[in-house]
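One letter stands for each residue in the lines below.
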Amino acid sequence: VSALSAGSTLASFRMLVGSILAMSGLMFATKWFLDRQARARGGEAPAAPKKKGKKKSSWGDIWSDLSGSPKIRNLSLLVVGYALSHRLFEVAWKSQLKVLYPTAQAYQGALADVSIATGTVTIFMMLAGRYVFQAFGWNVAAATTPLVMMLSGLGFFALSLGFGAGFQTIAGVPLMMAAVGVGSVTQIFARSSKFSLFDPAKEMVYIEMSREEKARGKAAVDMVGSQVGKSGASWITQGLLLAFGSIQAAIPVIGAMFGIIIAVWINAVRQLNLILKASDEETSP
């Protein structure tokens, strides 16, 4: 049985790698064809003038911008809040997914199902996102992602804690299956709402900024988001592994941190909404 499972996993892996190589080749061929058509129709495009290198912002500059501008500070909290909360949740969810689907093939199949569902939901949410902004405004659209993530994410952590405490079923459904199911819903919404609600809401804040503030805000958000948001979750995960020995044992702490981070994120949305309202009142005749 193990030999058959290993062979099936190897065949699936080969198909996956082959599909990636085939699609990559198709992309290269398409790019080559489009470049050739463009040259045939319009000739060689003139070389673009070299841009002068921009001065990189230091951490001192970033800290000055964060402390001096409430708009930039709260916008950075939005980006960090999403990155940290989603990364911490994803680590906990995948650890539970591996318990429910112990074989490599079953685990990869479950992830593939979630990815397909994420793509489908993203298409519908991209179509509906503009109507959410038009009908309910920036505040509701920006707050939807953290609120839904908090409700469904805390449901996942609660079910996981119940399973860890020895409970096996809830309403006749195996508790681990229920936890992974709720976690899958959280993962699907977190990824799909990023493109349809979170990113547009973030970009709308830049519209209200002056050119100088926009440049400083972009630098601060990019640096804080990449350094604190993306790397911070990895450092936290490593620390929890050293302290507790496994992700399973650290789930209560991860759940508490998840809730606190999203609470800070929601407060940043509220603060930004007040700032945007005040800015609109000042500019309105």
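Described below are features of the structure shown in this document. (Residues numbered from 1 in each chain as written. Predicted model: local features only at pLDDT ≥ 70, side-chain atom pairs only at ≥ 80, totals over all residues. Heavy atoms only, no water.)

Okay, the overall build of the chain next. A tally of helices and strands in the chain yields 7 helices and 2 strands. Secondary structure elements of the chain, listed N to C terminal, follow the sequence α-α-α-α-β-β-α-α-α. Taking as baseline every contact in the chain between residues at least 6 positions apart, the subset at least 24 positions apart corresponds to 82%. As presented, the chain carries roughly 17100 Å² of accessible surface, and 67% of it is formed by carbon and sulfur atoms. (Helix = DSSP H or I, 4+ residues; strand = E, 2+ residues; numbered from the N terminus. Contact = heavy atoms within 4.5 Å. Areas by Shrake-Rupley, 256 points an atom, 1.4 Å probe, with all protein chains shown as cover.)

Right, let's get into the environment of M149. With respect to the secondary-structure elements, M149 resides in helix α4 (residues 104-164). A relative accessible area of 0% places M149 in the buried class. Separated by 40 residues in sequence, M149 and F189 place their C-alpha atoms 7.5 Å apart. The contacts of M149, once residues within four sequence positions are left out, are Y82, S85, H86, L154, T186, A190, F258, I262 and W265. (Buried < 20%, exposed > 50% of the residue type's maximum accessible area, 1.4 Å probe, protein only.)

This brings us to the side chain of T118. Along the chain, T118 falls in helix α4. Judged by its relative accessible area of 12%, T118 is buried. Once residues lying within four places of it in the same chain are set aside, the contact partners of T118 are I188, R191 and S192.

Moving on: the nonpolar core. Counting 59 residues, the largest nonpolar core has W93, W138, F157, I254 and W265 as its most contacted members. Of all the elements in the fold, those that place two or more residues in this core are α3 (70-100), α4, α5 (175-207), α6 (211-244) and α7 (247-283). Broken down by element, the residue count for this core peaks at 15 residues, all from α4. Leaving out residues up to four positions away in the same chain, W265 has contacts with L78, G81, Y82, S85, T145, P146, M149 and F198. (Core = buried A, V, L, I, M, F, W, Y, C linked by side-chain atoms within 4.5 Å.)

Once that is clear, we can look at the packing of α3 against α5. Relative orientation of the contacting elements α3 and α5 amounts to 160°, with a least axis distance of 10 Å. Classified by the angle their axes make, α3 and α5 are roughly antiparallel. Relative to α5, the crossing made by α3 is left-handed. Its residues assigned to classes, the contact of α3 with α5 comprises 16 nonpolar, 6 polar and 5 charged. (Axes fitted to C-alpha atoms, helices over the stretch in contact; angles between N-to-C directions. Parallel < 35°, antiparallel > 145°, perpendicular 65-115°, else oblique. Left-handed = near helix turned anticlockwise from the far one by under 90°. Nonpolar A, V, L, I, M, F, W, Y, C, P; charged D, E, K, R; others polar.)

On to a nonpolar patch on the surface, then. On the surface, a nonpolar cluster with roughly 350 Å² of combined accessible area is contributed by W32, F33 and L34. With respect to the element layout, L34 can be found in helix α1 (residues 2-42). (Patch = residues over 30% accessible without salt bridge, like charges linked within 9 Å, V, L, I, M, F, W, Y side chains within 5 Å. Salt bridge = Lys/Arg side-chain N within 4 Å of Asp/Glu carboxyl O.)

With that out of the way, let us pick up the side chain of Q187. Along the polypeptide, Q187 turns up in helix α5. We classify Q187 as buried; its relative accessible area is 7%.

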